[in-house]
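# Coordinates in review
These are the residues of each chain, in order.
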Amino acid sequence: MMAGVIRRLDETVVNRIAAGEVIQRPANAIKEMIENCLDAKSTSIHVTVKDGGLKLIQIQDNGTGIRKEDMEIVCERFTTSKLQKFEDLTAISTYGFRGEALASVSHVAHVTITTKTADGKCAYRASYCDGKLKAPPKPCAGNQGTQITVEDLFYNVSTRRKALKSASEEYAKIVEIISRYAIHNSGKSFAVKKHGETVADVRTLANASTVDNIRAIFGNAVCRELIEVGCEDPNLAFNVKGYVSNANYSVKKCIFLLFINHRLVESSALKKAIEAVYAAYLPKNTHPFLYLSLEIAPHNIDVNVHPTKHEVHFLHEDSIVESVQKHIESKLLGSNSSRTYFTQTLLPGPAISSDDVLKPASSSAAAGASDRVYAHQMVRTDFRAQKLDAFLQPANKTQTEPSELAVSECGSSRQPEQCDMDMQELNDADLLAGISEDLDIEDFMGDVKETGDSENSSLLNPPPRKRHRIGSDVEMKDDEGAGDTTDASVPKRRIIKLTSIKELRSEISEQAHKGLQEMLQNHSYVGCVNPQWALVQHQTKLYLLNTTKLSQELFYQILIYDFGNFGVLRLSTPAPLYDLAMLALESPESGWTEDDGPQEGLAQYIVEFLKKKSEMLYDYFSMEIDEEGNLAGLPLLLDNYIPALEGLPMFILRLATEVNWDDEKECFESFSRECSMFYSIRKQYILEDPALLEQQTEELGSSGTSWKWTIEHVVFKAFRTLLAPPKHFTEDGSILQIANLPDLYKVFERC
């Protein structure tokens, strides 16, 4: 056989082969040119792409530009401003050093460069082909910096062009490259968009931090779970800094952004070492988010080991990898001592009744797969079901003295059927016996003519409230006269025609949120976390409700809708307003200082002031103040509910200082707000410790109603029918969705 003849390849063939090594796809070309922009001290880089970069790539920066004298050779191989001799590689601090990027691009595409330096009078534009200048640079208008346009990439390498994936996949790789450089180069603005589009797919700001850029590109989910890492070792001459996700965050594919001496590179050894640490914390087959910037002494690193420079070699690699691994492991150990779970206010989904979700067991199998309800979609509770404890009063100890309570018939805002049921379920005298030494209840029966299921009535159009007037009260003391009440003795509901009240009612209706309303109407009560927070279920979602805020809004709406039609909670022994005011002024909560004057004088002023308003308070709000300045009665806002009387002194003080008594509408609104605050469930006035509660019960000689029972069977029962939740509850954290069944199934599937 004859030996083959060795020939010198044509220069064009050599350049195209070399270009194929450096420019493997459009993303490689953009990476090389972005690094040139950063070397030119650019602070703003804009990239425009057409057909995944095959048809057009345009990169605009505001860097130092290219001198006119250098434009002739700028696209020739091995022409660079960053390196003069081989030894300079040991201290290289720029991205580029070979001078091959633009040369390689010009051999497989049509390149046009427009550039202007800071001292140039105008910009110059030139076109290149196969590394050669087509024509002398022409002066033109232009901004400081350089604009490089690459057209018809791989037009002369048909095999490479055909081997590339779709335009959308190539564009995704371009976006990925630019995103990584944007995160690493905080303080510089990056933007990438498709040709003809007005909105950029990735955009970062010049004044944004690294965390801001991660949030803009990867979202809040990863950003709020980041741990900052950073360590250095003078002996190994390296330091590392960056951000890694904690044990609460995981994704199906590892996101690893590694920069070594500011170069975007890959290191399989470092990646494996770090993932081995996370394997102990994350669910199986899930991975973390990692961004690390590793700086190594330039003389310890070899950057010239790969045509595309996506790999580097450095001394003491095993020791450095081990050091970084240990540091990240220590950070994870610290973060894992206490897991943090973030909640987000979410609205209920589309209104779906239980009948729409729960399928009867007798459904025919022939109904088809479309009727099948999967386990993660099933609602296993029925909000209409009642609990046994609703019929059982919390256990009372034997009373040593007869009750002093005066209790009237049902005076709720609910339907007649509900009133009858409540009278059968609960003994009001027993319920209120815990505070028999302080209170005497007097309620008056209203005229009730509505029918229908109040639990499903619309809260946006609240039913007329049924409260009672003092003029013809029907009082029941102990058990005398319990069955003597007749229709003849029941007064009619008072109709309020005040414009201010109509406007306040209209505002409540306008601000009501239908989604939250449907959720409250059809919720299943789960339990109390504490007096301030309670859990409820609606369909397949679990919600955390702020009982304090919701009850405050409930009582405010009751005060507005039942204006002038309240029953009375009458104190068995009237409380002097002067003593109440003095108690409030002595409390740090009042904010009283010596500059405000003597407490005795202020207390006397409050008494005289409220005595002047007593007629109006009695007529509109059933709040009784006698001629001697004693508080004799409070409005009955909700059946079987007594406010915490520990808040009464502060309530009296705020009536005199916080209510606007000059304007009618503001007066009614501010009074109702203060009153609703007093009536609301407030944690500071509730004894949670069972031992302390039992001790208080023994001191009183009787037992009070459990606060948990009251919240579940009185307050939350009222939420169903009487509360029109305002829209701001979706934004202020009053109602939080903390779990839903489909997501829980996903968690269990990963474990």
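What this report covers is the structure whose coordinates are included nearby. Quantities reported herein were computed from a predicted structural model and do not represent experimental measurements.

Rules and cut-offs
- Residues numbered from 1 in each chain as written.
- Predicted model: local features only at pLDDT ≥ 70, side-chain atom pairs only at ≥ 80, totals over all residues.
- Heavy atoms only, no water.
- Helix = DSSP H or I, 4+ residues; strand = E, 2+ residues; numbered from the N terminus.
- Buried < 20%, exposed > 50% of the residue type's maximum accessible area, 1.4 Å probe, protein only.
- Contact = heavy atoms within 4.5 Å.
- Areas by Shrake-Rupley, 256 points an atom, 1.4 Å probe, with all protein chains shown as cover.
- Core = buried A, V, L, I, M, F, W, Y, C linked by side-chain atoms within 4.5 Å.
- Pairing = 2+ DSSP bridges.
- Axes fitted to C-alpha atoms, helices over the stretch in contact; angles between N-to-C directions.
- Parallel < 35°, antiparallel > 145°, perpendicular 65-115°, else oblique.
- Left-handed = near helix turned anticlockwise from the far one by under 90°.
- Nonpolar A, V, L, I, M, F, W, Y, C, P; charged D, E, K, R; others polar.
- Arc of directions from axis to C-beta.
- Phe/Tyr/Trp six-rings, centres within 6.5 Å; stacked < 30°, edge-to-face > 60°.

Time to look at the overall build of the protein chain. When you go through the protein chain residue by residue, the secondary structure sums to 23 helices and 24 strands. Of all 751 residues assigned to the protein chain, the portion counted as buried reaches 48%. In the protein chain, of all internal contacts separated by at least 6 residues, the share reaching a separation of at least 24 is 74%. Approximately 37500 Å² of the protein chain is accessible, and the part contributed by carbon and sulfur atoms is 51%.

Time to look at the nonpolar core. Membership of the largest hydrophobic core comes to 79 residues, with the highest contact counts inside it found for Leu631 and Ile652. Here the element with the most residues in this core is helix α22 (residues 707-722); it accounts for 9 residues. Those residues in contact with Ile652 that lie beyond four places of it in its chain are Leu577, Leu580, Ile606, Leu610, Met623 and Leu631. One finds Ile34, Phe154, Leu226 and Val251 within the second-largest nonpolar core, a separate group that totals 54 residues.

In sheet architecture, strand pairing relies on hydrogen bonds along the backbone and comes in two forms, parallel and antiparallel. The mixed open sheet is built from 5 strands, whose spatial order is β10-β11-β14-β12-β13. Each edge of the sheet is formed by a strand with only one pairing partner; in this case those strands are β10 (226-233) and β13 (263-264). Where β10 and strand β11 (residues 238-245) come together, 8 bridges link them in antiparallel fashion. Among the inter-strand pairings, Glu232 is bridged to a residue of β11, identified as Asn239.

Once that is clear, we can look at the sheet that holds strand β20 (residues 541-546). One open sheet holds the 4 strands; their spatial order is β18-β19-β20-β24, and the pairing between them is antiparallel. Two strands lie at the open edges of the sheet, namely β18 (524-530) and β24 (735-740), each paired on one side alone. Put simply, the sheet's adjacent strands are angled 25 degrees from each other on average, direction ignored. Across 5 bridges, the pairing between β18 and strand β19 (residues 533-538) is antiparallel. Paired with Cys528 across the strands is Ala534, a residue of β19. Those strands touched by helix α15 (residues 547-561) are β19, β20 and β24, and its axis lies near 70 degrees from that of β20.

Along the chain, the position of Lys188 falls in the loop between α5 (167-184) and β8 (189-194). Along the backbone, Lys188 and Leu205 are 17 residues apart, and their C-alpha atoms lie at a distance of 6.8 Å. Those residues in contact with Lys188 that lie beyond four places of it in its chain are Leu38, Ser42, Thr43, Thr204, Leu205 and Ala206.

Bringing the packing of α15 against helix α20 (residues 664-679) into the picture now. Relative orientation and spacing of two packed helices are given, respectively, by the angle between their axes and the distance between those axes. Two elements in contact, α15 and α20, have axes whose closest approach is 8 Å; the angle formed by their N-to-C orientations is 135 degrees. Classed by the angle they form, the pair α15 and α20 counts as oblique. Note that α15 runs across α20; the crossing there is right-handed. For the pair α15 and α20, the contacting residues are Gln552, Glu553, Phe555, Tyr556, Leu559 and Ile560 in the first and Glu669, Ser672, Arg673, Cys675, Ser676, Met677 and Tyr679 in the second. Broken down by class, the residue content of the contact of α15 with α20 amounts to 7 nonpolar, 3 polar and 3 charged.

Counting buried positions over the 6 residues of strand β12 (residues 255-260) gives 6, a clear majority of the element. Judged by which residues are buried, β12 turns out to be covered on both faces: Ile255, Leu257 and Phe259 on one side and Phe256, Leu258 and Ile260 on the other are all buried. Of the pairings in the sheet, the one linking β12 to strand β14 (residues 289-296) comprises 6 bridges and is parallel in character. Along β14, the bridge assignment pairs Ile260 with Leu294.

This part takes up unusual backbone geometry. Backbone geometry places Phe154, a non-glycine residue, at a positive phi of 60 degrees. With respect to the secondary-structure elements, Phe154 resides in the loop between β7 (145-151) and α4 (158-163). Note on Phe154: relative accessible area 1%, which makes it buried. A positive phi angle, near 65 degrees, is found at Asn640, a position not held by glycine. Among the structural elements, Asn640 can be located in the loop between β23 (630-636) and α19 (648-657). A residue is classified by how much of its surface remains accessible, and Asn640, at 14% relative accessible area, is buried.

This next bit is on helix α6 (residues 210-218). The complete set of buried residues in α6 reads Thr210, Asn213 and Ile214. Buried residues of α6 fall within an arc of 100 degrees about the axis and therefore sit on the same side. In this structure, the buried side of α6 is in contact with α5, β9 (202-204), α7 (220-223), β10, β11 and β14.

In this section: the packing of helix α13 (residues 499-511) against α20. Axis separation between α13 and α20 bottoms out at 9 Å; the angle between their running directions is 55 degrees. When the axes of α13 and α20 are compared, the pair comes out oblique. In this structure, the crossing between α13 and α20 has a hand that is right-handed. Across the interface between the two elements, Ser500, Ile501, Glu503, Leu504 and Glu507 from α13 touch Glu664, Lys665, Phe668 and Glu669 from α20. Among the residues making up the contact of α13 with α20, the classes are represented as 3 nonpolar, 1 polar and 5 charged.

Let's shift gears to the packing of aromatic side chains. For any pair of aromatic rings, geometry is given as the distance between the ring centres together with the angle between the planes. Here the structure, examined in full by the defined rule, presents 18 aromatic pairs. With a centroid separation of 6.5 Å and 15 degrees between ring planes, the pair formed by Phe566 and Phe621 is classed as stacked. A residue pair is termed long-range when its members are at least 10 positions apart, and Phe566 in the loop between α15 and β21 (567-576) and Phe621 in helix α18 (residues 614-621) qualify at 55 residues. For Phe566, a relative accessible area of 0% puts it in the buried group. Ring pairing ties together the aromatic residues Phe563, Phe566, Tyr620, Phe621, Phe668 and Phe671, which thus form one cluster.

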